[in-house]
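Read off the chains here:
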Amino acid sequence: MSRLEDLYQIVKAPVVTEKATDDQVKRNAYAFRVPISANKVEIRAAIEQLFKVKVVSVNTLRITPKVRRRGWVAGLTPEWKKAMVALREGDTIEIL
Amino acid sequence: MPRAPDGWTAGRAPEYLPPLRSPPARAADGRPSRAGAAATTPNVRPRAGPSPTPEPVQVTVERLGPCQARIQFTVPSAEFQDTYKRGLQNVASNANMKGFRPGKVPLQVVEKQFGTQLRNDAVEHFVRQAYDQAVKEQGLKIVGFQRVNLDEVKIEDGRDWDCGFEVSLRPEIELTDYKGVAVESELEPVMEPEVDDAIVNLKAQQSRPEPAGDAGLPADGMAVCKVQWMDGERVVLERDNLRLSPKTPTPGIEAAAFEQGLAGARDGETRAIAMTFPPDFPEEALRGKPGTTSIEVKQAYRLIPPTDEEIRRMLNVADEAALRAFVRERLSEAKQQQEDQRIESKILEGLLARHTIELPKMMLDEQTRVRLESAGRELQQQGVSEDKIRETLETQRPAAEEAAAKGLRALFLVQAIGEREQLLVKREDMEAELQQIAARNRAQLEEVREYYTKNKLFDQMAVELLERKVRRFLRENARVTTPA
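Criteria and thresholds
- Think of each chain on its own: its residues are numbered from 1, step by step along the sequence as written.
- Chains carry letters and ligands carry numbers; both start at the beginning, A for chains and 1 for ligands, and go up in the order they are written.
- Local features in a predicted model are, by the rule used here, given only for residues with pLDDT of at least 70; side-chain atom pairs are given and counted only at 80 or more, and totals for whole chains, interfaces and linings are based on all residues.
- Values reported for side chains reflect all heavy atoms of the structure, with hydrogen atoms and water molecules removed beforehand.
- Each helix corresponds to a stretch of at least 4 residues labelled H or I by DSSP, and each strand to a stretch of at least 2 residues labelled E; elements are numbered beginning at the N terminus.
- Using a 1.4 Å probe on the protein chains alone, a residue whose accessible area is under 20% of its type maximum counts as buried, one over 50% counts as exposed, and one in between counts as partly exposed.
- In what follows, residue pairs with any heavy atoms lying within 4.5 Å of each other are defined as contacts.
- Here the Shrake-Rupley method, with its probe set to 1.4 Å, supplies the accessible areas, and only the displayed protein chains count as covering residues.
- Put simply, a nonpolar core is a bunch of buried Ala, Val, Leu, Ile, Met, Phe, Trp, Tyr and Cys residues held in one set by side-chain atoms that sit within 4.5 Å of each other.
- At least two bridges found by DSSP between two strands is the condition for calling them paired.
- To get an axis, fit a line to the C-alpha atoms, keeping to the stretch in contact for a helix; angles then go from 0 to 180 degrees between the N-to-C directions.
- We call two directions roughly parallel when the angle between them is under 35 degrees, roughly antiparallel when it is over 145, roughly perpendicular when it lies between 65 and 115, and oblique otherwise.
- Basically, the charged four are Asp, Glu, Lys and Arg, the nonpolar ten are Ala, Val, Leu, Ile, Met, Phe, Trp, Tyr, Cys and Pro, and anything else, Gly included, counts as polar.
- With a 1 Å grid laid over protein atoms only, a set of points is called a cavity when a 1.4 Å probe fits there but cannot get out and a pocket when it is open yet has protein on both sides within 12 Å along at least five of seven lines; lining residues have an atom within 4 Å of a point.
- Grid points are joined across faces, edges and corners, and a volume is the space filled by probe spheres set on the points.
- By buried area we mean how much accessible surface two parts lose on assembly, using a 1.4 Å probe and totalling the loss over both.
- We define a salt bridge as a contact between a side-chain nitrogen of Lys or Arg and a carboxyl oxygen of Asp or Glu at a distance within 4 Å.
- For this analysis, a polar contact is any N or O atom pair within 3.5 Å, provided that within protein one partner can donate a hydrogen and the other can accept it, and provided that sequence-adjacent residues contribute only side-chain to side-chain pairs.

Chemist: Help me understand the overall build of chain B, please; the structure alone is not making it clear to me.
Modeler: Counting its secondary structure elements, chain B contains eleven helices and eleven strands. Considering chain B as a whole, with its 484 residues, one finds that 40% of them fall into the buried category. Looking at chain B alone, contacts between residues at least 24 apart form 73% of all its contacts between residues at least 6 apart. With the model as given, the accessible surface of chain B reaches about 27600 Å², and the carbon-plus-sulfur share is 48%.

Chemist: I would appreciate a short explanation of the nonpolar core in the present structure.
Modeler: Within soluble globular proteins, side chains that are nonpolar tend to cluster in buried spots. Residues and elements named next belong to chain B. Within the largest apolar cluster, 42 residues are counted, with the highest numbers of intra-cluster contacts made by I347, F412, L413, I417 and L474. Contributions of two or more residues to this core are made by α6 (320-354), α7 (361-381), α8 (386-420), α9 (427-440), α10 (445-454) and α11 (458-476). Among the elements that make up this core, the one with the highest residue count is α8 (ten residues). Apart from residues no more than four positions distant in its own chain, L413 is found in contact with I173, L175, L348, L351, L352, H355 and I357. Grouped together as the second largest cluster of nonpolar side chains are 25 residues, V57, A69, L140 and W161 included.

Chemist: I keep staring at the sheet that holds strand β3 (residues 142-145) of chain B and nothing clicks. Help me out?
Modeler: Sheets are built from strands that pair by backbone hydrogen bonding, the pairs being arranged parallel or antiparallel. Residue and element names in this part refer to chain B. Taken together, four strands build an open sheet; the order of strands is β1-β2-β4-β3 and the sheet is antiparallel. Bordering the open sheet on either side are β1 (58-65) and β3, each of which pairs with just one other strand. If you compare each strand with its neighbour and ignore which way they point, the axes differ by 30° on average. Here β3 pairs with strand β4 (residues 161-169) via three bridges, running antiparallel. Across the sheet, the residue bridging to I142 is L169, located in β4. On top of the sheet, α7 reaches β2 (68-75), β3 and β4; it is set at about 70° to β4, its chief contact.

Chemist: Explain the packing of α9(B) against α11(B) here, please?
Modeler: Residue and element names in this part refer to chain B. As a packed pair, α9 and α11 sit with axes 11 Å apart at the nearest point and diverge in direction by 100°. It follows from the interaxial angle that α9 and α11 lie roughly perpendicular. In this structure, α9 contributes D429, M430, E433, L434 and I437 to the contact, and α11 contributes F458, M461, A462, L465, R468 and K469. Considering only residue class, the contact of α9 with α11 consists of seven nonpolar, no polar and four charged.

Chemist: Please explain empty space enclosed by the protein as it appears in this structure.
Modeler: A probe as big as a water molecule, rolled over the atoms, marks out the empty space that is left. As enumerated under the stated definition, the model contains two cavities of 30 Å³ or more in all. Its boundaries defined by the atoms lining it, the largest cavity holds a volume of some 100 Å³. Lining the largest cavity are ten residues, with A:V16, A:T21, A:Q24, B:V109 and B:K112 positioned closest to its centre. When residues of the lining of the largest cavity are traced back to their parent elements, those giving at least two are α2 (18-27) of chain A together with α2 (107-138) of chain B.

Chemist: Explanation requested: the interface of chain A and chain B in the structure shown.
Modeler: Size of an interface, as often reported, equals the accessible area lost when the parts are brought together. Taken together, the contact pairs eight residues of chain A with ten residues of chain B. Taking both partners together, chain A and chain B bury about 750 Å²; carbon and sulfur atoms supply 55% of that area. In this assembly, chain A and chain B are joined by one salt bridge. A salt bridge links B:R101 to A:E18, with the shortest nitrogen-to-oxygen separation between them at 2.6 Å. Counting across the interface, chain A meets chain B through two residue pairs in polar contact (both at pLDDT 80 or more). In the side of chain A that touches chain B, the residues fall into three nonpolar, three polar and two charged.

Listed below in structure tokens is the structure:
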């Protein structure tokens, strides 16, 4: 896996929230939206190659779909996977 | 609404009117800087608000000429950082971004997203401060200023930075002999034939249309027509429901030929009149070529003037003598008004010739540019090609410069006299003018006010009112003599 578009198939978007920013400050960890099928090894490799940084750890979690109702019709929000990638001290990623 | 002399529109309001705005700074692409106007977050108002107690920046004013100065200022690094951070905090506390609770957006996120705009905003704040300080400390009478390119301001962390901009100053005018100017009156009494003509015109204006019937359209009648301009069999342009009179030809036809061609036409009849396509015809290839104007008369009318009795009733006068007296009085008023304007213009012209007024070059250039741009737009609307417009404007430049200089000299002279004689334009004057405009246009006062606010026309109105006051003052203080 080395082509840029392949890497971006893994790292879909940064997650910019209060919690993610807090994590960034506290343990130099950045949050990304990744495909549900992506595993930690792939995520680590993608982040290291894309941003030229050293990944210390990867934590992932699946955001479960939530019921959303519009009148009579009920549906589910999409399921997605979040990866929190902690970097070596001194490494940074320009997210915005 | 009376028109201010040419080139006054961009003139600044006199300083005793609402205060001059501080110089708006400008981004590199020429757009006025609106720090924080980020498209992504409409809920954010990132304005680096002025410091609660503004610390003075170091301002130096260098005179570059009688009407030109350069304001140079130095901003301490700490001061700038303070203002910038205040702006960040202000945004952070008001920001409403997805993923963050209201007011909980971290400063670094705000900085990443709005940093550049907030920096520009902070620079703009200091430009404003320097401007205000220069006006206050040095008593500058600024009438124009150079835009500050915010992107060119170099700011390094921990270092004081400086910036400067040029301003145009109001010229000092030594007023002499503007009171008691001798002018000869050219007012003529209203003559009987003028009263006769006025009554005839009044009747023509009050005529009512009646279907012309089988007699067809009379030469002094009016018709509702469908007009087609044709190149051979091809219809080039078509207009429906036009009101035409045989006395008023359509473009490209001579008056006599038009009258002859249209007079006598009955309802439903179509007349074809030979024409030459005019030089401003939309289709460029046809200009100057022969063509045909086809006029279909939908409804022909003859105009029935009101009877003497009806006219008298309309004007609420008892008899013929009273009608004549009424008309004579109106004519006399109109003549007096015309004469007043002539006298005022003559006095002003004389004063302009007597006073030497140095003009700020920056302002003169700006005024010339505005005039040429306006002329260019008119030519563009007439369908003139870009090259031709450029060429024409280049030939018009000296005339535009002269007109701009004349307008500016008149503006400064009027301001100087107004100031000397304390002819202030007050809020009540503006209010009264707004009411008059509303009444003239049959509009609501609030509508007119909104229009003026939206188009920023109050400065222009103030200048016009001041000019009117000064002109009246000059006339009332002149020695108007009647020729023997």
